[in-house]
Amino acid sequence: MIKVSKIEYYLPETILTNADLEKEFPEWDSGRIKEKVGITQRHVASENETVLDLAVKSSEKLFEHYDKNKIDFILFCTQSPDYFLPTTACILQDKLGLRKNIGAVDFNLGCSGFIYGLAFAKGLIAAGIAKSILLVTSETYTKHIHPKDKGNRSIFGDASASTIVEAYEKGRDYQFCLGTDGSGAENLMVQKGAFRKKNEANPKNEFSPENLYMDGPEIFNFTIENIPGLVNETLAVNGLKIEDVDHFVFHQANSFILNYLRKKIKIPMEKFYIDMENTGNTVSATLPIALKNMMNNGVLKEGDKVLLAGFGVGYSWGATVLEI
């Protein structure tokens with residue numbers, strides 16, 4: 001069994017508001033953005049600020065109230081790493097001054113990354129490899145987005161969340177449900193930057209294969225086709241019903257998708273948490289940010305059962321239940 005002991009997050013200082021976007025794109029009404037995606041502002045990493053920089057800051061906040069010498073493994077989730085190699089997790093170990101006799105690894109996942117990170121942490125703990133794991137979900141998706149891509153610029157923000165995952169003997173052993181469908185890979189992709197298209201010339205248009213491409217309608221279709229089943233499967237494998245769960249927290253993609261899912265799955269509004277207005281879609285960091293805000297605002301209390309679900313790029317999805 002595992003428990004999430006502590007969470008801290010860091011948001012870059014630069015803020016991009018809907019009003020800022022409206023100035024760049026006069027045809028793009030700021031109020032309409034809020035109405036459509038539920039976001040009024042998002043934080044954007046500066047030119048020289050990377051996922052490692054963000055991760056150092058979120059982790060240092062964490063270690064103000066947690067003994068960093070307890071950490072014996074780093075799991076670092078990102079799709080915008082500082083380098084192809086070395087592993088960002090290895091550099092983070094040095095930057096934070098952590099012990100050298102620990103494990104450290106990066107894994108490349110997007111909006112399902114926090115769920116997969118919890119699953120990996122559970123496996124490491126169950127195998128006796130680690131007892132206290134630093135799970136970092138850090139993204140600067142805005143660096144992938146073309147300046148003229150007003151759609152994606154209105155949705156995505158940058159952030160890092162650092163989470164302590166530890167062994168827990170008192171609680172129930174909740175199970176994970178994970179899924180993958182690589183046939184949808186091209187619907188959310190940065191085509192160029194690695195080696196598949198390394199030697200291809202850029203096409204003669206304003207958008208490059210090095211920029212983020214997202215087919216919004218296809219992502220929406222994937223979500224509504226797969227996530228209701230994911231939630232029902234997660235409830236079933238854990239012997240629960242909707243009424244047994246205190247809170248449902250999904251990846252904060254955008255408010256339109258989340259409200260559609262809530263109605264389709266028939267989750268009561270008072271059990272369904274949406275909080276992305278001031279941060280936007282921060283990819284793998286949305287779930288820990290939401291949990292931390294729920295803790296700060298007194299929404300969560302000891303003993304609460306929370307069903308977490310992440311889904312998106314890959315396609316990849318996953319869900320589990322945490323007991324606070």
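Residues numbered from 1 in each chain as written. Predicted model: local features only at pLDDT ≥ 70, side-chain atom pairs only at ≥ 80, totals over all residues. Heavy atoms only, no water.

Peer 1: Explain the side chain of N293 residue by residue, including any values.
Peer 2: Its place among the elements puts N293 in helix α9 (residues 286-296). Sequence-distant contacts of N293, that is, excluding residues within four places in its chain, are made with Y9, Y273 and D275. (Helix = DSSP H or I, 4+ residues; strand = E, 2+ residues; numbered from the N terminus. Contact = heavy atoms within 4.5 Å.)

Peer 1: Before we move on, could you go through the packing of helix α3 (residues 51-62) against helix α4 (residues 88-96) and cite the residues and values that matter?
Peer 2: Contact geometry for α3 and α4: axes closest at 10 Å, N-to-C directions at 45 degrees. Here α3 lies oblique to α4, going by the angle between them. At the point where α3 passes α4, the crossing takes the right-handed sense. For the pair α3 and α4, the contacting residues are L52, A55, V56, S59 and E60 in the first and T88, I91, L92, K95 and L96 in the second. Classifying every residue of the contact of α3 with α4 by side-chain character gives six nonpolar, two polar and two charged. (Axes fitted to C-alpha atoms, helices over the stretch in contact; angles between N-to-C directions. Parallel < 35°, antiparallel > 145°, perpendicular 65-115°, else oblique. Left-handed = near helix turned anticlockwise from the far one by under 90°. Nonpolar A, V, L, I, M, F, W, Y, C, P; charged D, E, K, R; others polar.)

Peer 1: So what about the environment of H146? Which residues, and what values?
Peer 2: With respect to the element layout, H146 can be found in the loop between β6 (132-139) and α6 (150-155). Each C-alpha atom of the pair H146 and S208 lies 8.0 Å from the other, and the pair is 62 residues apart in sequence. Of the polar contacts made by the side chain of H146, one reaches the backbone nitrogen of K148; its length is 3.0 Å. (Polar contact = N/O pair within 3.5 Å; in protein donor to acceptor, adjacent residues only side chain to side chain.)

Peer 1: So, unusual backbone geometry: which residues are in play, and what are the values?
Peer 2: The peptide bond linking L85 to P86 adopts the cis configuration, its omega dihedral lying at 10 degrees. In this structure, Y315 follows G314 across a cis peptide bond, with omega equal to -15 degrees. One can find Y315 in the loop between β13 (305-312) and β14 (316-323). Although it is not a glycine, V283 sits at a positive phi angle of roughly 60 degrees. Mapped onto the fold, V283 is located in the loop between β12 (272-273) and α9. Accessibility expressed as a relative area gives 0% for V283, which makes it buried. (Buried < 20%, exposed > 50% of the residue type's maximum accessible area, 1.4 Å probe, protein only.)

Peer 1: Explain the nonpolar core to me, and be specific about the residues and the numbers.
Peer 2: Membership of the largest hydrophobic core comes to 45 residues, with the highest contact counts inside it found for I227, V231, F248, F250, L261, L307 and F311. Elements that contribute at least two residues to this core include exactly α2 (30-37), α7 (216-237), β11 (247-250), α8 (255-265), β13 and β14. Residues contacting L307, with those up to four places away along its chain left out, are V231, T234, L235, V245, H247, F248, V249, F250, T320 and V321. By size, the runner-up hydrophobic cluster in this structure holds 31 residues, among which are I2, A130, I133 and V306. (Core = buried A, V, L, I, M, F, W, Y, C linked by side-chain atoms within 4.5 Å.)

Peer 1: Summarise the packing of aromatic side chains; cite the residues concerned and give the values.
Peer 2: Under the counting rule described, the total for this entry stands at nine aromatic pairs. Ring geometry for F220 against Y260: centres 5.2 Å apart, planes inclined by 75 degrees, an arrangement best described as edge-to-face. Placement of the pair is F220 in helix α7 and Y260 in helix α8, with a sequence separation of 40 residues. Residues F222 and Y315 carry aromatic rings whose centres are separated by 4.1 Å and whose planes lie at 5 degrees to one another, so their mutual orientation is stacked. Taken together, the residues F222 in helix α7 and Y315 in the loop between β13 and β14 connect sequence positions 93 residues apart. Here F222 and Y315 have matching classes, each one buried. For the cation-ring pair, K61 lies above Y9, with the distance from its terminal atom to the ring centre recorded as 5.7 Å. Here the guanidinium or amino end of K70 rests over the ring plane of Y66, the centre of that ring lying 5.3 Å away. (Phe/Tyr/Trp six-rings, centres within 6.5 Å; stacked < 30°, edge-to-face > 60°. Lys NZ or Arg CZ within 6 Å of the ring centre and 35° of its normal.)

Peer 1: With reference to specific residues and values, describe α4.
Peer 2: Taken as a whole, α4 has its buried residues at T88, A89, I91, L92, Q93 and L96. At the exit of α4 stands G97, carrying a positive phi of roughly 70 degrees.

Peer 1: Got a sec to walk through the sheet that holds β6? Specific residues and values, please.
Peer 2: What the five strands build is an open sheet, ordered β1-β7-β6-β4-β5; its pairing is mixed. Looking at the sheet topology across the chains shown, the edges are occupied by β1 (2-10) and β5 (103-107). For this sheet, the mean angle separating the axes of adjacent strands, direction not counted, is 15 degrees. Direction of pairing for strand β4 (residues 73-77) relative to β5: parallel, over a ladder of five bridges. Opposite F76, over in β5, you have D106 as the bridge partner. Sitting on the sheet, helix α5 (residues 113-126) is in contact with β1, β4, β5, β6 and β7 (159-167), with an inclination near 160 degrees to β6. Together, β1, β6 and β7 form the strand contacts of α9, whose direction differs from that of β1 by roughly 95 degrees. (Pairing = 2+ DSSP bridges.)

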